Every structure is written in structure tokens, then in C-alpha cells.
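Inside the fold
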Amino acid sequence: MISITITRPDDWHLHLRDGESLRAVLPHTAKQFARAIIMPNLRPPVTTVDMALAYRARILDALPAALQSAFEPLMTLYLTDNTAPAEIVRAKESGVLHGVKLYPAGATTNSDAGVTDIAKCYATLTAMERNDLPLLVHGEVTDPDVDVFDREKVFIDRILAPLARRFPGLRIVFEHVTTRDAVQFVTEASRNIAATITAHHLLLNRNAIFQGGIRPHHYCLPVLKREMHRQALLAAATSGNPKFFLGTDSAPHGQASKENACGCAGIFTAHAAIELYATAFEQAGALDKLEAFASFHGADFYRLPRNTSSITLQKENWIIPEQFDFAGEPLIPLYANESLNWKLI
Ligand code: DOR
Ligand code: ZN
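Structural notes, computed from the coordinates. (Residues numbered from 1 in each chain as written. Chains lettered and ligands numbered in written order. Predicted model: local features only at pLDDT ≥ 70, side-chain atom pairs only at ≥ 80, totals over all residues. Heavy atoms only, no water.)

**Focus on the coordination of the zinc ion (ligand 2)**
Here the zinc ion (ligand 2) is held by the protein donor atoms H13 (NE2), H15 (NE2) and D249 (OD), which lie 2.1 Å from it. Read in sequence order, the donor residues coordinating the zinc ion (ligand 2) give the pattern H-x1-H-x233-D. Here D249 lies in the loop between β9 (244-246) and α9 (255-258) and H13 lies in strand β2 (residues 11-14), a separation of 236 residues in the sequence. For H13, a relative accessible area of 1% corresponds to the buried category. (Donors = N, O, S within 2.8 Å, 3.2 Å for Na, K, Ca; no water. Helix = DSSP H or I, 4+ residues; strand = E, 2+ residues; numbered from the N terminus. Buried < 20%, exposed > 50% of the residue type's maximum accessible area, 1.4 Å probe, protein only.)

**Regarding the sheet that holds strand β6 (residues 135-137)**
One open sheet holds the eight strands; their spatial order is β2-β3-β4-β5-β6-β7-β8-β9, and the pairing between them is parallel. At either margin of the open sheet sits one strand with a lone partner, and together these are β2 and β9. Between one strand and the next, the sheet's axes are offset by a mean angle of 30°, whatever the strand orientation. Bridging between strand β5 (residues 97-102) and β6 involves three bridges; their strand directions are parallel. Pairing of L102 across the sheet is with V137, part of β6. Where helix α5 (residues 151-166) meets the sheet, its contacts fall on β5, β6, β7 (172-174) and β8 (193-197), and the angle it forms with β7 comes to roughly 175°. (Pairing = 2+ DSSP bridges. Axes fitted to C-alpha atoms, helices over the stretch in contact; angles between N-to-C directions. Contact = heavy atoms within 4.5 Å.)

**Some points on the pairing of β8**
The buried count for β8 comes to five of five residues, which makes it a mostly enclosed element. Alternating residues of β8 divide into I193, A195 and I197 and A194 and T196, and every residue in both groups is buried. With three bridges joining them, β7 and β8 adopt parallel strand pairing. Bridge pairing in β8 links I172 to I193. Regarding the hand of the β-α-β motif, the stretch spanning β7, helix α6 (residues 180-188) and β8 is right-handed. Here β8 runs beside β9; their pairing, made up of three bridges, is parallel. Bridged to A195 within β9 is F244. (Right-handed = clockwise from strand over helix to strand, strands pointing away.)

**Some points on the packing of helix α10 (residues 273-283) against helix α11 (residues 290-301)**
Here α10 crosses α11 at 140°, and the two axes come no closer than 10 Å. As the angle between them shows, α10 and α11 are arranged oblique. Residues I274, Y277, A278 and F281 of α10 form the contact with α11, whose own contacting residues are L290, F293 and A294. Residues of the contact of α10 with α11, tallied by class, amount to seven nonpolar, no polar and no charged. (Parallel < 35°, antiparallel > 145°, perpendicular 65-115°, else oblique. Nonpolar A, V, L, I, M, F, W, Y, C, P; charged D, E, K, R; others polar.)

**Focus: the pattern of salt bridges**
If charged atoms from side chains of opposite charge come close, those side chains can pair. Per the counting criterion, the structure on display carries 14 salt bridges. A salt bridge links D132 to R171, with the shortest nitrogen-to-oxygen separation between them at 3.1 Å. You can see D132 sitting in the loop between α4 (122-131) and β6 and its partner R171 sitting in the loop between α5 and β7, a full 39 residues away along the chain. Given a relative accessible area of 24%, D132 falls into the partly exposed group. Among the salt bridges present, the one from E227 reaches R230, with a minimum N-O distance of 2.9 Å. (Salt bridge = Lys/Arg side-chain N within 4 Å of Asp/Glu carboxyl O.)

**With respect to the environment of N131**
Counting through the fold element by element, N131 comes out in helix α4. In this structure the C-alpha to C-alpha distance between N131 and A91, which are 40 residues apart in sequence, comes to 9.4 Å. In contact with N131, not counting residues within four places along its chain, are I88, V89 and K92. Within the structure, the side chain of N131 is placed 2.8 Å from the backbone oxygen of A127, a separation counted as a polar contact. (Polar contact = N/O pair within 3.5 Å; in protein donor to acceptor, adjacent residues only side chain to side chain.)

**Here's the deal with the sheet that holds strand β13 (residues 339-344)**
One open sheet accounts for three strands, arranged β1-β10-β13; its pairing is antiparallel. Both outer strands of the open sheet, β1 (3-7) and β13, are each paired with one neighbouring strand and no more. Within the sheet, the average angular offset between the axes of one strand and its neighbour, ignoring direction, is 30°. The strands touched by α10 within the sheet are β1, β10 (310-319) and β13, with β13 carrying the most contacts at an inclination of about 115°. Against the sheet, α11 makes contact with β1 and β10, and its axis sits at roughly 25° relative to β1, the strand it touches most.

**So, the site of ligand 1**
Every one of the 13 residues lining ligand 1 counts as a neighbour, but R17, N41, T108, L221 and H253 are closest to it. Protein coverage of the free-state accessible area of ligand 1, which is 290 Å², stands at 99%. Here the shell around ligand 1 is built from residues that sort into four nonpolar, seven polar and two charged. (Near = heavy atom within 4 Å. Areas by Shrake-Rupley, 256 points an atom, 1.4 Å probe, with all protein chains shown as cover.)

Everything listed here is a matter of coordinates, which is why it stays silent on function.
Below, the structure written as C-alpha cells:
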């Protein structure tokens, strides 16, 4: 039996939701990842340190007994036009906040309280640069005149590149990069700029959204791109470049919100995250590069210790369940009813 053992990975971009939904999805992540950066786009969004501390306590409380000390949530703040520089100081002092998330207002799920004009945040970004608290970026413009497939590239030109020049000491994670342009930008940028890459953007191109009919479970934001871009992401992930690391962006929505005339954006991948990455890395002939991408680069960028325990994946064919429970609703996972040939043991 072929197997690989790697240092236990971390997920540097995760949506856990709240309440019963949180209880439903958290075990999927905690069974494989030691830590995860928890996205703050709840309703209402996690805009203060007090809210983040309370959310962290709810996450710890939702952990099943068997995983109680096995998982650490790394909290983030949701940046708004009004986030005070003093809140950044408090966040840093808390020791449990690890980043501040920029959602351009209207860019994605629960982003309406996001930033309307980045210039309104300059004082707060200065405080983040001084206190060394990373900025985590949803990198898409929201201008309806910009084609949905071009929104990441236009964001780099209009917002991200100028921001990086204005705040050279600010550490920035360009989240869920989806284009060759983003890979090139991050590669050429200063060492303060890194990126997460999802499993679904490594495995699928935009044809998957229209494969024999419209496929709502392949719809996420930023939307899947052309094959050329998927190839660039795969090359970056498997390059060994420490600027690129694992962030699933696993984003659960109940079946009815996905299979809908106006379906929500988000792909649930936490059920088999590390197996999905292993599949992509194996297809690229680069399984030997999986450990650094999944378990070292992110920890190093966030200046946290690398994990010391390990996980083992076995080469074994298995069928992904058709659905999982999501607080009484069905949750359709990526590759539902399809087979994978790596299995976490
Ligand atoms: O597809 C996505 N889903 N993209 C995001 O940026 C947000 C996420 C969610 O929260 O559902
Ligand atoms: Zn996300």
C-alpha cells in the first residue's frame, strides 16, 4: 500500500459559519488541519476584537470532545471603512488575532459592510503596518463595468499594486489567487506579499461551471478561470516558492441556497481538503512539494511555529459522500459521489 506522511497541515483561509452550521462543518477541518485562519464574514461581520474573541470561544466550544485540543482557530477582523487604528492595537495585543480581512464592499458573500474606498482605511493600514498585523485581501474589484473574469487582474492594477507601494512594510496575503496575473504579481512582489491557493482552483477550470448544464456547486468567487490560469496556479503551488500556501476557502452553503435561481458563491471542500490537494499535486507530478505548501510556507509567513505532529494519506480509492448534514439541510461537497484515490487515515 502506497502512503505519504507529512507534517500536519494548516488551512490559511476557511469559512466556518456559526451556530449549528459551525458544529456541522468544523469536524471536517479539525480532523486534518492543526490550525485555520477563520474568515470573519458572518452576519453581522466580526468587526471588533470582542466579537472575534466571542466567535473563537464558540468555535472551541463546537469542537467534538475527541478533537478538543487538536485544533486552534486563528481569528481575523473584518475591515470596514470605520475600523479604528486603536482596534488594530487591541487586536495585536490579544495574541489570538492574526490578520484583518479586506472585502471590497459587494465583492462576495456578506461583504456589504466591507470597504467602499481603500483610502478611508489608510490610518488603519498604517496601524497594521506598525503593529505587524497582516492584511488578507479578497482581490476583486466590484465595478459592474468590469467583466467578472477580469476582476482580479483589474484589482491588482487599481488597488493592490498601489497599496503595496504605499505600505511597503505591511504583510499582505492575496487570498485565493485565480489567475496567471496574480501569480506573477506575487512572485515579483516583495517578500511581504504572499498568496493562498484553493484546491478547487487547482483542480478545475471554468468549463466545470458549464459541464453538460449549469453546475452551481462549481460556482465560487473569485470564479473559476481558463485552463491557462489553472496551469499557472498549479505551477506556483508546486514550485516550492514559500510565497504560495494552502488556503481552502471551503465555503459551505446549504443545498437550497446553491441550487437556486440566484445561487450563492462558495465551494465546500473541507470534507476532503488535503486529499484534493494531494490529487492536484500528484497530477502535476509534484507530490514531494505538497508538505511545504500545506504545512510550512503558511506558518512561516504568519510567523507561527510549524506543527510537529503528522498525518498520513493512503493511496486508496473511495467515493465521496453524496451529501453531509448542515444543520438539518443537505450540504453538497465538491466531487459528491465521485471517487478520489488519496485517503486520509
Ligand atoms: O465563493 C466564495 N464564498 N467566495 C468568497 O469570497 C466568500 C465565500 C463565502 O463566504 O461563501
Ligand atoms: Zn473566502
